[in-house]
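What follows is the residue order along each chain.
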Amino acid sequence: MTNVIKITDYMSEDLISLDLKAKTKDEVLLELSKLMECSPNISNEGNTIYKALVEREKLGSTGIGKGVAIPHAKTEIAQKLTIAFGISKEKIDFRSIDNEKVNIFFVFASPNKDSQIYLKVLARISRLIRENSFRDGLLNCKNAHEIIEYINEKES
């Protein structure tokens, strides 16, 4: 039996913010990149994560619809796939494919060598967030511990 890859395997409570202060897309990317820098998996110098996220957004918005964005970057300053998570009380214009504003953010940094894991986790998140109940559940969590428990429960 193969190991099932779980979203929560790449998350930690210290990389979760349920009260993002950012008001613009650029500010969100900066705030979430700063959050990612708290991870021991990220050896960041000179806003490298932020710059990588901005470069990725230039290719097309990672606002995937229904109030969710999945900004992501492949960069060698990530030792392994790392996911930060944020919720904004105010919805932010992220130039999403459905033109809706965004308040739920899953942010990835991944080394180039982890492409398979990265794609599997991205697919899992994409499947889960299609459900209204999943998005509502995330928004109802009160703290970082509840976010991880909730995602873990939904993945099982």
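Structure: see above.
Chemist: Would you take a moment to explain the pattern of salt bridges for this structure?
Modeler: A side chain of one charge can pair with a side chain of the opposite charge when the charged atoms of the two come close. Taken as a whole and assessed by the stated rule, the structure comprises six salt bridges. For lysine 21, the salt bridge identified is with aspartate 19, shortest N-O distance 2.5 Å. Of the residues examined, lysine 21 reaches a relative accessible area of 55% and is grouped as exposed. Its salt-bridge partner being glutamate 37, residue lysine 34 comes within 3.9 Å of it at the nearest N-O pair.

Chemist: How should I be thinking about the side chain of threonine 82 in this particular structure?
Modeler: By the secondary structure assignment, threonine 82 is in strand 5 (residues 82-92). Its relative accessible area of 1% is what places threonine 82 among the buried residues. Within the structure, the side chain of threonine 82 is placed 3.4 Å from the side chain of asparagine 41, a separation counted as a polar contact. With residues up to four places along the chain from it excluded, the contact list for threonine 82 reads Tyr10, Leu15, Met36, Ser39, Asn41, Ile42, Val107, Phe108 and Ala109.

Chemist: Would you mind going over the pairing of strand 5 with me for this structure?
Modeler: On a regular strand, each side chain points to the face opposite its neighbour's, so the side chains alternate between the two faces of the sheet. Summarising burial for strand 5: eight of the eleven residues are buried, a large majority. Across three bridges, strand 1 (residues 16-20) lies against strand 5 in parallel orientation. Residue pairing for strand 5: isoleucine 16 is matched across the bridge by phenylalanine 85. Across seven bridges, strand 5 lies against strand 6 (residues 102-110) in antiparallel orientation. For glycine 86, the partnering residue across the bridge sits in strand 6 and is phenylalanine 105.

Chemist: Please explain helix 5 (residues 144-155) as it appears in this structure.
Modeler: Residues spaced three or four apart along an α-helix point in a common direction, a consequence of the helix completing one turn every 3.6 residues. The end-to-end C-alpha distance of helix 5, which contains twelve residues, comes to 17 Å, matching closely the 16 Å that a straight helix rising 1.5 Å per residue would cover. Where helix 5 begins, the side chain of asparagine 143 points an oxygen toward the backbone nitrogen of histidine 145, at a separation of 3.1 Å.

Chemist: Explain the environment of phenylalanine 134 to me, please; I cannot follow it from the model alone.
Modeler: Within the secondary structure, phenylalanine 134 is located in helix 4 (residues 132-140). Its relative accessible area of 1% is what places phenylalanine 134 among the buried residues. Sequence-wise, phenylalanine 134 and leucine 122 are twelve residues apart; in three dimensions their C-alpha atoms are separated by 15 Å. Beyond its immediate stretch of four places on either side in the chain, phenylalanine 134 contacts Leu128, Ile129, Tyr150, Ile151 and Lys154.

Chemist: I keep staring at the packing of aromatic side chains and nothing clicks. Help me out?
Modeler: Any aromatic ring pair is given by two values, namely how distant the centres are and how the planes are angled relative to each other. Taken as a whole and judged by the stated rule, the model has four aromatic pairs. Both rings, one in phenylalanine 85 and one in phenylalanine 106, keep their centres 4.9 Å apart while their planes meet at 65°; by these two values the pair is edge-to-face. Linking phenylalanine 85 in strand 5 with phenylalanine 106 in strand 6, this pair joins segments that are 21 residues apart in sequence. We classify phenylalanine 85 as buried; its relative accessible area is 0%. Judged by its relative accessible area of 0%, phenylalanine 106 is buried. Considering the side-chain rings of phenylalanine 134 and tyrosine 150, the 5.6 Å spacing of their centres and the 20° angle between planes classify their relative orientation as stacked. Of this pair, phenylalanine 134 sits in helix 4 while tyrosine 150 sits in helix 5; the two residues are 16 residues apart in sequence, bridging distant segments of the chain.

Chemist: Quick question: what am I supposed to make of the packing of helix 4 against helix 5 here?
Modeler: Between two packed helices, the angle of one axis relative to the other and the distance separating the axes together describe the packing. Direction vectors running N to C along helix 4 and helix 5 enclose 160°, while the axes themselves pass 9 Å from each other. The orientation of helix 4 relative to helix 5 falls into the category roughly antiparallel. For the pair helix 4 and helix 5, the crossing hand works out as right-handed. Contacts between helix 4 and helix 5 involve Ser133, Phe134, Gly137, Leu138 and Asn140 from the former and Glu146, Ile147, Tyr150, Ile151 and Lys154 from the latter. Classifying every residue of the contact of helix 4 with helix 5 by side-chain character gives five nonpolar, three polar and two charged.

Thresholds, definitions, all that
- Every chain is numbered independently, its residues counted from 1 as its sequence is written.
- Local features are withheld for residues below a pLDDT of 70 in this predicted model, meaning they are given only at 70 or higher, and side-chain atom pairs are given and counted only at 80 or more; totals for whole chains, interfaces and linings count all residues.
- As a convention, hydrogens and water are excluded, and side-chain values are obtained from all of the structure's heavy atoms.
- Should a side-chain nitrogen of Lys or Arg be within 4 Å of a carboxyl oxygen of Asp or Glu, the pair is scored as a salt bridge.
- A simple rule labels every residue: compare its accessible area, found with a 1.4 Å probe on the protein chains alone, to the largest value its type can have, and call it buried under 20%, exposed over 50%, or partly exposed in between.
- Helix and strand labels come from DSSP, where a helix needs a run of H or I of at least four residues and a strand needs a run of E of at least two; each type is numbered from the N terminus.
- Think of a polar contact as two N or O atoms within 3.5 Å of one another; within protein, one of them needs to be a possible hydrogen donor and the other a possible acceptor, and neighboring residues in sequence only count if both atoms come from side chains.
- Working rule for contacts: check all heavy atoms of both residues, and any pair within 4.5 Å makes them a contact.
- Any two strands between which DSSP finds at least two bridges are classified as paired.
- A helix's residues, less one, multiplied by 1.5 Å, set its expected span.
- The aromatic pairing rule takes the rings of Phe, Tyr and Trp, using the six-membered ring of Trp, and pairs them if the centres are within 6.5 Å, calling planes under 30 degrees apart stacked, those over 60 edge-to-face and the rest tilted.
- Fitted lines through C-alpha atoms give the axes, limited to the stretch in contact for helices. The angle between two N-to-C directions lies from 0 to 180 degrees.
- Our angle categories are set so that under 35 degrees counts as roughly parallel, over 145 as roughly antiparallel, 65 to 115 as roughly perpendicular, and the remainder as oblique.
- What makes a crossing left-handed is the near helix being turned counterclockwise from the far one by less than a right angle; a clockwise turn instead makes it right-handed.
- Any residue outside Ala, Val, Leu, Ile, Met, Phe, Trp, Tyr, Cys, Pro, Asp, Glu, Lys and Arg is labelled polar, Gly included; the first ten of those are nonpolar and the last four are charged.

Geometry only, nothing functional implied.
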